[in-house]
Amino acid sequence: MRSLQRRIVQAVLAGAWRKVKRLSYLWVHSLAARALAVKRVTENPGKKTPGVDGDLWNTPAKKANAVARLGRWQGYRSAPLRRVYIPKKNGKQRPLSIPTLTDRARQAVYLQALQPVAETTADQNSYGFRPMRRCADAIDQCFKVLRQKSSATWILEGDIQGFFDHLRFSWIEAHIPMNRRILSQWLRRGFIDRGTLFPTTAGVPQGGIISPTVSNMVLDGLETVVHGSSWQRRVHNINYVRWADDFIVTASSRQV
């Protein structure tokens with residue numbers, strides 16, 4: 001499966017998007033990918049948190065049945081999300097939308113094919129929700145761009161308000177390279193809160209396995225826009241570091 005992911009990366013670098021599509025289809029319909037997806041959703045911290053169906057895959061028989069069931073995509077319809085709330089440090093509550101285990105596993109299957117594309121096209125200084133990267137790496141990069149006497153003296157700190165909740169569906173469906181019908185179901189399925197079904201009109205569900213990668217891909221390209229030309233970056237000491245939707249931009253003056 002790692003070999004197949006390498007082939008996807010090579011196709012992206014070559015700009016062969018038809019080949020990327022064929023390789024992704026091969027991945028999604030492979031037995032190994034389904035087994036890896038079931039392994040992931042039954043071994044992560046959310047394995048004991050069911051969706052609206054209350055189903056848990058806590059026995060070998062259920063896991064084996066899930067691997068076989070995930071191979072049937074024809075007629076697939078995702079279930080609504082279960083809304084839960086977790087407290088934030090500022091006293092507010094963060095809404096989480098929990099998919100069923102079946103939807104989580106199917107998202108994990110597609111994520112394994114989408115991640116090589118996302119990592120190949122990602123911004124160089126993006127650190128949030130990416131494999132082999134963590135918050136300490138973002139802090140280290142901030143230290144590197146600010147440690148010298150000649151470093152930038154102005155810092156713009158940004159946090160996109162309600163970023164995950166306000167992403168436009170049409171843009172995601174048009175630009176994320178995966179099956180549009182499946183992606184639309186995950187985005188538009190709605191959520192159940194205290195027994196009532198509410199529609200979703202924008203954003204990605206915070207709680208979905210594929211949501212962090214999709215949201216990162218939405219913001220990829222921002223670094224190139226911020227830096228401008230290599231001359232502008234060098235003369236004005238422009239640097240950019242991003243963790244999910246939080247970022248800093250450094251420059252030599254307030255006007256820049």
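The structure this text deals with has already been given above.
A brief look at the structure comes next. Just so it is clear, the structure is predicted and the values come from calculations on it, not from any experiment.

So, how was this worked out
- Every chain is numbered independently, its residues counted from 1 as its sequence is written.
- With the structure being a predicted model, the display of local features is reserved for residues of pLDDT at least 70 and the display and counting of side-chain atom pairs for 80 or more, all residues being used for whole-chain, interface and lining totals.
- Excluded from the side-chain calculations are hydrogens and water; all other atoms, namely the structure's heavy atoms, are used.
- Strands are runs of DSSP state E lasting at least two residues, helices are runs of H or I lasting at least four, and both sets are numbered from the N terminus onward.
- Only protein chains enter the accessibility calculation, which uses a 1.4 Å probe. A residue is then buried if its area is under 20% of the maximum for its type, exposed if over 50%, and partly exposed in between.
- In protein, a polar contact means a hydrogen-donor-capable atom and an acceptor-capable atom, both N or O and within 3.5 Å, with residues adjacent in sequence counting only if both atoms are side-chain atoms; elsewhere, any N or O pair within 3.5 Å suffices.
- Salt-bridge detection follows one rule: a side-chain nitrogen of Lys or Arg within 4 Å of a carboxyl oxygen of Asp or Glu.
- Two residues form a contact once any of their heavy atoms are found within 4.5 Å.
- Here, any two strands with at least 2 DSSP bridges between them count as paired.
- For helices, the axis comes from a line fit to the C-alpha atoms of the stretch in contact; other axes are also lines fit to C-alpha atoms, and the angle between any two N-to-C directions lies between 0 and 180 degrees.

The next thing to look at is the side chain of Ser 30. Looking at where Ser 30 falls in the secondary structure, it is placed in the loop between helix 2 (17–28) and helix 3 (31–41). Residue Ser 30 is classed as buried on the basis of its relative accessible area, which comes to 15%. At 3.3 Å, the side chain of Ser 30 forms a polar contact with the backbone nitrogen of Ala 33.

So, about unusual backbone geometry. Positive phi, close to 55 degrees, is recorded for Arg 194, a residue that is not glycine. Tracing the sequence through the fold places Arg 194 in the loop between strand 4 (191–193) and strand 5 (196–198). Phi is positive for Asn 237, close to 60 degrees, though the residue is something other than glycine. Examined against the element boundaries, Asn 237 turns out to sit in the loop between helix 11 (230–236) and strand 6 (239–243).

The subject of this paragraph is the pattern of salt bridges. As enumerated under the stated definition, the model contains six salt bridges in all. Lys 39 is paired through a salt bridge with Glu 43; the nearest N and O atoms lie 3.1 Å apart. Of the charged contacts in the structure, one is a salt bridge between Asp 193 and Arg 194, with a shortest N-O distance of 3.3 Å. We classify Arg 194 as exposed; its relative accessible area is 72%.

Okay, helix 9 (residues 211–219) next. Here helix 9 lies mainly inside the structure; seven of its nine residues are buried. Listing the buried residues of helix 9 in full gives Ser 211, Thr 213, Val 214, Ser 215, Asn 216, Met 217 and Leu 219. Summarising the contacts, the buried residues of helix 9 are in contact with helix 5 (101–121), helix 7 (169–175), helix 10 (222–227) and strand 6. At the C-terminal side of helix 9, Gly 221 shows a positive phi close to 110 degrees.

Ordered in space as 2-1-4-5, the four strands form an open sheet in which the pairing is mixed. Two strands lie at the open edges of the sheet, namely strand 2 (93–98) and strand 5, each paired on one side alone. Strand-to-strand twist of the sheet, defined as the mean angle between neighbouring strand axes without regard to direction, takes the value 40 degrees. Pairing of strand 1 (residues 81–87) with strand 4 involves two bridges; the strand directions are parallel. The residue of strand 4 that forms the bridge with Leu 81 is Phe 191.

Turning our attention to the sheet that holds strand 7 (residues 246–251). A sheet is described by the order of its strands in space; here three strands give the open sequence 3-7-6, paired in antiparallel fashion. Two strands in the sheet have a free side with no partner beyond their single neighbour: strand 3 (154–159) and strand 6. Strand-to-strand twist in this sheet, taken as the mean axis angle between neighbours without regard to direction, amounts to 15 degrees. By the bridge criterion, six bridges tie strand 3 to strand 7 in an arrangement that is antiparallel. Counterpart to Asp 159 in the pairing with strand 7 is Asp 246. Together, strand 3, strand 6 and strand 7 form the strand contacts of helix 6 (residues 135–146), whose direction differs from that of strand 6 by roughly 165 degrees.

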